[in-house]
Amino acid sequence: MRLLVVEDDERAAKQLVADLAELGHDTVVAPDGRAALAIATDDKVDAILLDVMLPYVDGVAVARLLRERRLDMPIIMLTALGDLDQRLVGLDAGADDYLVKPAAAVEIDARLRAIARRAARANESGIMTAGDIEVNEVKYRATRAGRVLKLQKLEFQVLCELVRNTNSIVTRQMLYQNVWKYDFEPTTNIAESYIRRLRAQINLPGERDPIQTIRGVGYRLSDQG
């Protein structure tokens, strides 16, 4: 992928570029928010790694302006700030994911591939499928074998996260980050509770349970009959 790295710390940017190059990524660097906006608008980049604290225009404003310009490339925000409020502000501005610095290049690469998988599965209508399960994020509707599933909001969001990553493991941490927007693991196992409720909604007696529990890690939705 061709990546735009937006980082005002020259040393940190150079190290990140080198690490990403080892993983096969081509990079261009912007040292501030104004340069990032110009490059992202005029140059062809596949994704943006965006620091929050930047000269001239901060990272949150950059993300918001890019989305206002209808630029839909993936944006991963990188920041030394780890508190939940900062993360929510970045996600609300249009970022797809959020990592606390220093973020390892291999984790950035994994997050980018996960975003790409989700985008590939979701067409313009917002419909994603996994076996006989279909979810429509635009119409907020889910079915199994044509049967409408009556899901509460968070149950629906958990199902969407599983369908986006069909046949791949969704860790509990991914669920906490992407559904509940937590950057920490709660003391109570909320994810397990919602998976239990989701199973009760999608599985009729005699039907195969498509949700597999990966003990100690998370869950996987299988599209196989």
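Residues numbered from 1 in each chain as written. Predicted model: local features only at pLDDT ≥ 70, side-chain atom pairs only at ≥ 80, totals over all residues. Heavy atoms only, no water.

Peer 1: Whenever I open this one, helix 6 (residues 153-164) confuses me. Can you help?
Peer 2: Given 3.6 residues per helical turn, the α-helix brings residues three or four places apart onto the same face. The terminal C-alpha atoms of helix 6 lie 17 Å apart, and with twelve residues this matches the ideal 16 Å at 1.5 Å per residue to within 8%. Counted residue by residue, helix 6 has nine buried out of twelve residues, so it is predominantly covered. Turning to helix 6, its buried residues number three or more, namely Glu155, Phe156, Val158, Leu159, Cys160, Glu161, Leu162, Val163 and Arg164. (Helix = DSSP H or I, 4+ residues; strand = E, 2+ residues; numbered from the N terminus. Expected span 1.5 Å × (residues − 1). Buried < 20%, exposed > 50% of the residue type's maximum accessible area, 1.4 Å probe, protein only.)

Peer 1: Is there a simple way to think about the sheet that holds strand 9 (residues 147-148) in this case?
Peer 2: Sheet strands associate in pairs through backbone hydrogen bonding, adopting either a parallel or an antiparallel arrangement. Reading across the sheet, the four strands line up as 6-7-8-9 and stay open at both edges, with antiparallel pairing between neighbours. Single-partner strands in this sheet number two, and they are strand 6 (127-130) and strand 9. Taken together, the two bridges between strand 8 (residues 141-144) and strand 9 define a ladder with antiparallel strand orientation. Its bridge partner being in strand 9, Thr143 is matched across the sheet by Val148. The strands touched by helix 6 are strand 6, strand 7 (133-136) and strand 8; relative to strand 7, the strand with the most contacts, the crossing angle is about 115 degrees. (Pairing = 2+ DSSP bridges. Contact = heavy atoms within 4.5 Å. Axes fitted to C-alpha atoms, helices over the stretch in contact; angles between N-to-C directions.)

Peer 1: It is not clear to me how the sheet that holds strand 11 (residues 211-214) should be interpreted in this structure. Could you clarify?
Peer 2: With antiparallel pairing, three strands are arranged side by side in an open sheet as 10-12-11. A strand with exactly one partner marks an edge of an open sheet, and here the two such strands are strand 10 (169-171) and strand 11. Going from strand to strand, the sheet's axes swing by 30 degrees on average, the running direction of each strand aside. Bridge count for strand 11 against strand 12 (residues 218-221) is four bridges, and the pairing is antiparallel. By the bridge assignment for strand 12, Thr213 is matched with Tyr219. Sheet strands in contact with helix 6 are strand 10, strand 11 and strand 12, and its direction is about 70 degrees off that of strand 12.

Peer 1: What should I look at first to understand the side chain of Thr166 in this one?
Peer 2: With respect to the secondary-structure elements, Thr166 resides in the loop between helix 6 and strand 10. On the basis of relative accessible area, Thr166 is assigned to the buried category, the value being 5%.

Peer 1: Whenever I open this one, the nonpolar core confuses me. Can you help?
Peer 2: Nonpolar side chains in soluble globular proteins tend to end up buried together. Of all hydrophobic cores here, the largest spans 27 residues; its most connected members are Val158, Leu159 and Leu162. For this core, the elements supplying multiple residues, two or more each, are strand 6, strand 7, helix 6, helix 7 (172-178), helix 8 (190-202) and strand 12. Leave out the neighbours within four places in its chain, and Leu162 touches Val170, Ile195, Leu198, Ile211, Tyr219 and Leu221. Counting residues in hydrophobic clusters, the runner-up holds 25 residues, among them Val28, Ala36, Ala40 and Met73. (Core = buried A, V, L, I, M, F, W, Y, C linked by side-chain atoms within 4.5 Å.)

That's the geometry; what it means functionally is another story.
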